[in-house]
Amino acid sequence: MQDVLQHLINGISYGSIYALIALGYTMVYGILQMINFAHAEVYMMGSYASFYAAKWLGIENSPGLSTLAILLLTSMISCSILSLAIERFAYRPLRKAPKINSLITAIGVSLLLQFLAQLFFGAQPRAFPTVLENQTLWTFGEVALKTSDVTVFGVSILAMLGLHYLIYHTKTGQAMRAVSANPTSASLMGINVNRTIAATFVVGSSLAGVGSVLVGMRYPKIDPLMGMMIGLKAFVAAVLGGIGSTMGAVLGGLIMGVSEEFVAGYLSSTLRDAIAFGLLIGILLLKPTGLFGRATSEKV
Amino acid sequence: MTRDAVFKVENLQVSYGPIQALKGLDFEVKRGEIVSLIGGNGAGKTTTLRALSGIVESQGRIFFCGTDISTMEAPSRVGLGISQSPEGRGIFPQMSVLENLSLGAYLRNNKVEIADDLEKCFALFPRIRERAKQVAGTLSGGEQQMLAICRCLMSRPKVLLLDEPSMGLAPLIVSQIFKIIVSLNQEGMTVLLVEQNARMALKIAHRAYVLETGRIVMTGTGAELLSNDSVRRAYLGI
Ligand SMILES: Nc1ncnc2c1ncn2[C@@H]1O[C@H](COP(=O)(O)OP(=O)(O)O)[C@@H](O)[C@H]1O
Ligand SMILES: [Mg+2]
């Protein structure tokens, strides 16, 4: 019983990070019907931005709330700028081309960023700054609730609430929903479609930036290929929830995190990474539109 | 009495890849007029409206109230007062009726004026008031068309571009909608109406143009075209 609880805590904590990253995939898909493969590398670059910022400010080893805030901001801003550049220079010129062109470009950008990171940051892993002191806040028998769990969960919830507010209670959010439903109609309303797409990239990549700091807090080791596995899992989480649905991405992320934890805990830890692929195959066979996906009819 | 031109279009051309859909149109819409654009399927009516709204690239010149807007982006044209109810209505089916209407007022900020205009729309279309909280996709075709026109009005337009408002609707609903178009015009709204339903469109039009494969082949007052033999044969089925 106690280890069930412990696995649940870990699973939710990791799952909420998957959810944050999955949101970026799902939002960009919702508005462009395109899978932004470079999202995982934007996340990776966010980690390096935090790493260098902490070094430059001399706060690698001064854990605390201010460090958390500084790293979150740095990472969110860097991820935003990078993804704005990717959108502007790699995706926007291909907007009217067939979807497969932007898909291939996305893979290209993703590889380019991996190689650039290896070239400039080095291929060897680096230690992520210490964000918070990881104390045990609460114990119940063998179950321990740690600062990192609470922070990861708390920051994720705040980010998701912020996202919900943005999407449903601001003009930018209204524009995002309109553009993803029908870009032509949206521009007939006076909505600037390009600017709205750019805003979507900023929001999605900021969430990845938040994710990168939270992951760094739990696994303080970063390297240029770190985005691949977590990006893939977050992508599967987005598909599981129904790509294009923000609610689905959150739920998909949590399911992914929790099921991984339980499989690793009760079956075999070597199966941990296989879960993602198992889930992917399962959804594609049983419900290709995912939990919250709506069946889209091809427009003529 | 001089009526200034809301639209003055010179040599308007649009191509979709190798297909030239508009081969150089010249026409005018004056303030306070209902101008109808009629023509068969594929004549280029929708393309003309798309060019005026700026959602398709065009060559030639488009003047709106005297200013050249040929290179202006679509959203800025909405800001100037050009509002279109597109072919197929283009409502946002997953959103509520109210939210569709608030998107019509997307570029406006004065909440008091927006609420005023919403009241006016509701007065004009009581059905839309009844449906306000409903998801737009669940409305009937006629209601969706009314919503599309309402949504246009929420931007406080100087001109309404209507693309086949009668499409797919029962005759009773069509005449209801045409009555509303006429009453809007009587209150001063300039209307450019595109229709396959040529009879109705010519009846309410002050002037009209006939479009055939990307060219204007005839123009005159609504009454003139209604009694023109070749128009009667080609478009009125007489
Ligand atoms: N998106 C498009 N791509 C390619 N050709 C198009 C497109 N839209 C319209 N056309 C072509 O342009 C011509 C004019 O079409 P349209 O303006 O829709 O005519 P109408 O509204 O009078 O029926 C037609 O030949 C049509 O096939
Ligand atoms: Mg048409």
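Since we're looking at a predicted model, the values are computed, not measured.

So, about the overall build of chain A. Counting secondary structure elements, chain A contains 11 helices and 4 strands. Along the three orthogonal principal directions, the C-alpha set of chain A runs to about 60 × 45 × 35 Å. Burial statistics for chain A: of 300 residues in total, 51% are counted as buried. By element, 68% of the accessible surface of chain A is carried by carbon and sulfur atoms, the whole surface being about 13,800 Å². Separation of charge centres in chain A, based on 18 positive and 12 negative side chains, amounts to 16 Å.

Residues and elements named next belong to chain B. With distances of 2.0 to 2.1 Å, the protein atoms coordinating the magnesium ion (ligand 2) are Thr46 (OG1) and Glu87 (OE). With Thr46 in helix H1 (residues 45-53) and Glu87 in the loop between strand E6 (82-85) and helix H3 (97-104), this residue pair connects regions lying 41 residues apart in the sequence. On the accessibility criterion, Glu87 (39% relative accessible area) is partly exposed.

On the chain B side, the residues contacting the 17 residues of chain A number 22 residues. Summed over both sides, the interface of chain A with chain B buries roughly 1,700 Å², with 62% coming from carbon and sulfur. In this structure, Glu99 of chain B engages Arg177 of chain A in a salt bridge whose closest nitrogen and oxygen atoms are separated by 2.5 Å. Taken together, chain A and chain B are joined by 5 residue pairs in polar contact (both at pLDDT 80 or more). Only helix H6 (171-181) and helix H7 (183-188) of chain A provide two or more residues apiece to the side of chain A that touches chain B. When grouped by side-chain class, the residues that make up the side of chain A that touches chain B number 7 nonpolar, 7 polar and 3 charged.

What follows is about a nonpolar patch on the surface. Taken together, the side chains of Met1, Val4, Tyr266, Leu267 and Leu271 of chain A present a nonpolar region at the surface, about 530 Å² in accessible area. Following the sequence through the fold, Leu267 of chain A ends up in helix H10 (residues 246-267).

With that settled, the discussion passes to the sheet that holds strand E2 (residues 19-30) of chain B. All names here are of chain B. Pairing in this open sheet of 4 strands is antiparallel, and the strands run E2-E1-E4-E5 from one edge to the other. A single partner strand is all that each edge strand has here, and the edge strands are E2 and strand E5 (67-68). As paired strands, strand E1 (residues 5-16) and E2 are joined by 9 bridges and run antiparallel to one another. Paired with Phe7 across the two strands is Val29, which belongs to E2. Where H1 meets the sheet, it contacts E1, E2 and strand E4 (59-64), and its direction lies at approximately 115 degrees from that of E1.

All names here are of chain B. By domain assignment, chain B separates into domain 1 (1-81 + 158-238) and domain 2 (91-156). On a C-alpha basis, the centres of domain 1 and domain 2 stand 23 Å from each other. On the domain 2 side, the residues contacting the 16 residues of domain 1 number 11 residues. In this assembly, domain 1 packs against domain 2 so that about 1,000 Å² is buried in total across both faces, 83% of it on carbon and sulfur atoms. Run the count over domain 1 and domain 2 and you get 0 salt bridges. At the junction of domain 1 and domain 2, the tally comes to 0 residue pairs in polar contact (both at pLDDT 80 or more). It is helix H7 (residues 171-186) that contributes the most residues to the side of domain 1 that touches domain 2, 6 residues altogether. A breakdown of the residues in the side of domain 1 that touches domain 2 according to their chemical character gives 11 nonpolar, 3 polar and 2 charged.

Glancing now at the pairing of strand E10 (residues 215-221) of chain B. All names here are of chain B. Judged from the 6 bridges that link them, strand E9 (residues 207-212) and E10 form a sheet pairing that is antiparallel. What sits directly across from Ala208, in E10, is Gly220. Following E9, the chain reverses through 2 residues before pairing antiparallel with E10; Thr213 in that reversal takes a positive phi of roughly 35 degrees.

Each value, and the rule that gives it
Residues numbered from 1 in each chain as written. Chains lettered and ligands numbered in written order. Predicted model: local features only at pLDDT ≥ 70, side-chain atom pairs only at ≥ 80, totals over all residues. Heavy atoms only, no water. Helix = DSSP H or I, 4+ residues; strand = E, 2+ residues; numbered from the N terminus. Buried < 20%, exposed > 50% of the residue type's maximum accessible area, 1.4 Å probe, protein only. Areas by Shrake-Rupley, 256 points an atom, 1.4 Å probe, with all protein chains shown as cover. Lys, Arg positive; Asp, Glu negative; His and termini not counted. Charge placed at Lys NZ, Arg CZ, Asp CG, Glu CD. Donors = N, O, S within 2.8 Å, 3.2 Å for Na, K, Ca; no water. Contact = heavy atoms within 4.5 Å. Buried area = accessible area lost by both parts, 1.4 Å probe. Salt bridge = Lys/Arg side-chain N within 4 Å of Asp/Glu carboxyl O. Polar contact = N/O pair within 3.5 Å; in protein donor to acceptor, adjacent residues only side chain to side chain. Nonpolar A, V, L, I, M, F, W, Y, C, P; charged D, E, K, R; others polar. Patch = residues over 30% accessible without salt bridge, like charges linked within 9 Å, V, L, I, M, F, W, Y side chains within 5 Å. Pairing = 2+ DSSP bridges. Axes fitted to C-alpha atoms, helices over the stretch in contact; angles between N-to-C directions. Domains from an automatic or database assignment.

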